[in-house]
Amino acid sequence: MQYQNKFNNNTQIIGVIGHPIKHSFSPLMHNISFDLLDLNYIYLPFDVPASNLKDALKGMVALGIKGLNVTLPHKEKIISLLKETSEEANIIGAVNTIVNEEGILHGYNTDVYGVVETLMPFKDEIAGKTVSVIGAGGAARSTIYALIRYFKAERINIINRTEQTAESLKEYFITKMLFNEIHSYELVPPDLVDVFRDSKLIINATSMGMFPEVDDSPTTIPESFTKDQIVFDLIYTPLQTKFLKLAASQGAITLNGLRMLVEQGSKAFELWTGQKMPIDQVYKALVSYLTER
Ligand code: NAP
C-alpha cells in the first residue's frame, strides 16, 4: 500500500491555547471543516501556562502559525500582548481568536458573533424586554455586549454566585457602553423566581450543569420559567441540560450552546482561511458525535 501524507510544507497550522487545555470541540469542528473543503490546514491543541504566554505568541510568529483560538485563562491577559484588537474585543476585554497576518497578530472576539447568530431569530421578541444573564465570567461579558449592541434589550439582570463580580460587571457596562438599565443579583434561586419570570430571555452563562455535573442547574424551581420565554444555555455537553429540561417542561423555547459554538468557530474559520465554514454539515457532524458517544 502506498502511504499518502496529507500534510506537507504548505500545510497551515491553526491551534487553541489554554491551561489546562480541557477537552475542546474546536479541533474536531475545524478539522472536519478542513476535510470537507479539502483545505491544507490542521488544527491542534496547545497547553500553554500563563508563564509561557508571551513566548507562545513569539513562537506563533516564528513558526508561521496562521491562527489561534484562545481559551481560559488567557482570554483577557492576551490583549496587551497583541498588536491590534477589534473594537468588540477591546470593549469586552477578551480575545478568543488570533490571526497572524505576516507576523502581525490581530485579536478578535468571535463569541459575540456566536451569541448574535443564535439569538437573531428572536431579535424582535427581545427588543425592549428584560433579559437575565446568569454568570459574570468571560462568556457572560460577550453575551451582555451582544444584548446591548445588537438586541436593544431594555433591562439586563446579571445574576451570579459571587455578587461582587456581577456588581463589577454591571459597573463595567455602565461605564464602557453607557447602558444604565443593568442590575446585579446574587444567585439565590428562591429569591429570584420573580426576576426570572419577568424576563423574556434567560441565559445560563455559567458552567453549572456541564458534563459531568449534569444534575446541577442555576435554578431547580419550575416556576422560574413561563411558556412565553426563550431560555438559552451556553453549555453543549450535554445538549439538553437540566436547566433547559426544566424550562422546556414549562413550555419555554430552549436553545443549547452548540449553535453558538459552531457560529463563533465559523467566524474564526473565515478570518483564518478566507472561506465559509460548511456550517450545516459541521453542526450535524457534532450533533451525531455528541449523541452517539
Ligand atoms: P468563566 O469565565 O470561568 O466564568 C464562569 C462563571 O460560572 C462565573 O460566573 C462563575 O461564578 C460561574 N460558576 C462556575 N461554577 C459555578 C457553580 N458551581 N455555581 C454557580 N456559579 C458557578 O467561564 P466562561 O468562559 O464565562 O464560560 C462559562 C460557560 O459558558 C461554560 O460552561 C462554557 O463552556 C460556556 N461557553 C460556551 C461557549 C459556546 O460556544 N457555546 C462559548 C464560551 C463559553 P463565580 O463568579 O461565582 O465564580
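All of these numbers come straight from a predicted model, not from anything done at the bench.

1. Observations concerning the environment of valine 188
Phase 1: Residue position: valine 188 is located in the loop between β9 (182-186) and α8 (189-197).
Phase 2: For the pair valine 188 and alanine 62, spaced 126 residues apart in sequence, the C-alpha to C-alpha distance is 49 Å.

2. Here we look at the sheet that holds β9
Phase 1: As summarised here, the arrangement of the six strands in space is β9-β8-β7-β10-β11-β12, forming an open sheet in which the pairing is parallel. Only two strands of the sheet have a single neighbouring strand rather than two, namely β9 and β12 (253-255). The average angle at which neighbouring strand axes cross in this sheet is 15 degrees, direction not considered.
Phase 2: One ladder, built from four bridges, connects strand β7 (residues 130-134) with strand β10 (residues 201-204); its direction is parallel. Looking across to β10, one finds that valine 133 is bridged to isoleucine 203.
Phase 3: Most of the contacts of α8 go to strand β8 (residues 155-160), to which it runs at about 155 degrees, and overall it touches β7, β8, β9 and β10.

3. Here's the deal with the packing of helix α6 (residues 138-150) against helix α7 (residues 163-177)
Phase 1: It is at 12 Å that the axes of α6 and α7 come closest, and there the two elements cross at 40 degrees. Considering the angle they form, α6 stands oblique to α7. Every pair of crossing elements has a handedness; the one defined by α6 and α7 is right-handed. In this structure, α6 contributes Ala140, Arg141, Ile144, Tyr145, Ile148 and Arg149 to the contact, and α7 contributes Leu169, Tyr172, Phe173 and Met177.

4. Observations regarding the site of the ligand
Phase 1: Near the ligand you find 22 residues, and of these Ala136, Ala139, Asn160, Arg161 and Thr162 are the closest.
Phase 2: Here threonine 206 contributes a backbone N or O atom positioned 3.4 Å from an oxygen atom of the ligand.
Phase 3: If the ligand stood free it would expose 920 Å²; the protein chains cover 77% of that surface.
Phase 4: Among the cavities detected, the one that contains the ligand is the largest pocket.
Phase 5: Going through the elements one at a time, α6 and α10 (258-273) are the ones with two or more residues in the shell around the ligand.
Phase 6: Classifying every residue of the shell around the ligand by side-chain character gives 11 nonpolar, nine polar and two charged.
Phase 7: The residues that make up the shell around the ligand include at least three from each of domain 1 (4-109 + 259-292) and domain 2 (113-256).

5. Overview of the packing of aromatic side chains
Phase 1: Applying the stated criterion to the full structure yields seven aromatic pairs.
Phase 2: Centroid distance phenylalanine 34 to phenylalanine 269: 5.5 Å. Interplanar angle 25 degrees. Geometry classified as stacked. Residue phenylalanine 34 is found in helix α1 (residues 26-37), and its partner phenylalanine 269 is found in helix α10; the two are separated by 235 residues along the sequence.
Phase 3: Residue phenylalanine 34 is classed as buried on the basis of its relative accessible area, which comes to 1%.
Phase 4: Note on phenylalanine 269: relative accessible area 0%, which makes it buried.
Phase 5: An aromatic cluster is built from Phe25, Tyr236 and Tyr289, whose rings are joined through pairwise contacts.
Phase 6: Across from the ring centre of tyrosine 283, 4.2 Å away, lies the NZ or CZ of arginine 259, which sits over that ring.
Phase 7: The cationic tip of lysine 267 hangs over the ring face of tyrosine 113; the distance from NZ or CZ to the ring centre is 4.8 Å.

6. Observations concerning the nonpolar core
Phase 1: The biggest cluster of nonpolar side chains holds 37 residues, and the ones touching the most others in it are Leu119 and Ile156.
Phase 2: If you list the elements that add at least two residues to this core, you get α3 (87-92), α4 (111-119), β7, α6, β8, α7, β10 and β11 (230-233).
Phase 3: Here this core takes six residues from α6, the largest share from any one element.
Phase 4: Formed jointly, this core draws a minimum of three residues from each of two domains, domain 1 (4-109 + 259-292) and domain 2 (113-256).

Rules of the game
- Each chain carries its own residue numbering, running from 1 in the written order of its sequence.
- Predicted model: local features are reported for residues with pLDDT of at least 70 only, side-chain atom pairs are reported and counted for 80 or more only, and whole-chain, interface and lining totals are derived from all residues.
- To obtain the side-chain values, all non-hydrogen atoms of the structure were included, while hydrogens and water were left out.
- Comment: elements are numbered from the N terminus, with helices defined as DSSP H or I runs of at least four residues and strands as E runs of at least two.
- Only strands that DSSP links by at least two bridges are regarded as paired with each other.
- Here the axes come from fitting lines to C-alpha atoms, over the contacting stretch only for helices, and the angles between their N-to-C directions go from 0 to 180 degrees.
- Working rule for contacts: check all heavy atoms of both residues, and any pair within 4.5 Å makes them a contact.
- An angle below 35 degrees is treated as roughly parallel, one above 145 as roughly antiparallel, one from 65 to 115 as roughly perpendicular, and anything else as oblique.
- Should the near helix be turned counterclockwise from the far one by less than a right angle, the crossing is left-handed, whereas a clockwise turn marks it as right-handed.
- Nearness here has a simple test: a residue counts as near a molecule or strand if at least one of its heavy atoms is within 4 Å of that partner.
- We define a polar contact as two N or O atoms separated by no more than 3.5 Å, with the added condition that, inside protein, one atom must be a possible hydrogen donor and the other a possible acceptor, whereas residues neighbouring each other in sequence contribute only through side-chain atom pairs.
- With residues, only the protein chains shown are counted as cover, and all accessible areas are computed by Shrake-Rupley using a 1.4 Å probe.
- Of the two site types, the cavity is a set of points on a 1 Å grid over the protein atoms alone where a 1.4 Å probe fits but cannot get out, and the pocket is an open set with protein on both sides within 12 Å along at least five of seven lines, each lined by residues with an atom within 4 Å of a point.
- In this scheme, a molecule is assigned to a cavity or pocket if more than half of its atoms are within 2 Å of the grid points.
- Each residue is assigned to one class: nonpolar for Ala, Val, Leu, Ile, Met, Phe, Trp, Tyr, Cys and Pro, charged for Asp, Glu, Lys and Arg, and polar for all the others, Gly among them.
- Where each domain begins and ends follows an automated or database-derived domain assignment.
- Each Phe, Tyr or Trp ring, with Trp reduced to its six-membered ring, pairs with another whose centre is within 6.5 Å; inter-plane angles below 30 degrees give stacked pairs, above 60 give edge-to-face pairs, and intermediate values give tilted ones.
- Only protein chains enter the accessibility calculation, which uses a 1.4 Å probe; a residue is then buried when its area is under 20% of its type maximum, exposed when over 50%, and partly exposed in between.
- Charges are assigned to positions over rings by a cutoff of 6 Å between ring centre and Lys NZ or Arg CZ, combined with an angular limit of 35 degrees from the ring normal.
- Put simply, buried Ala, Val, Leu, Ile, Met, Phe, Trp, Tyr and Cys residues joined by side-chain atoms within 4.5 Å make one nonpolar core.

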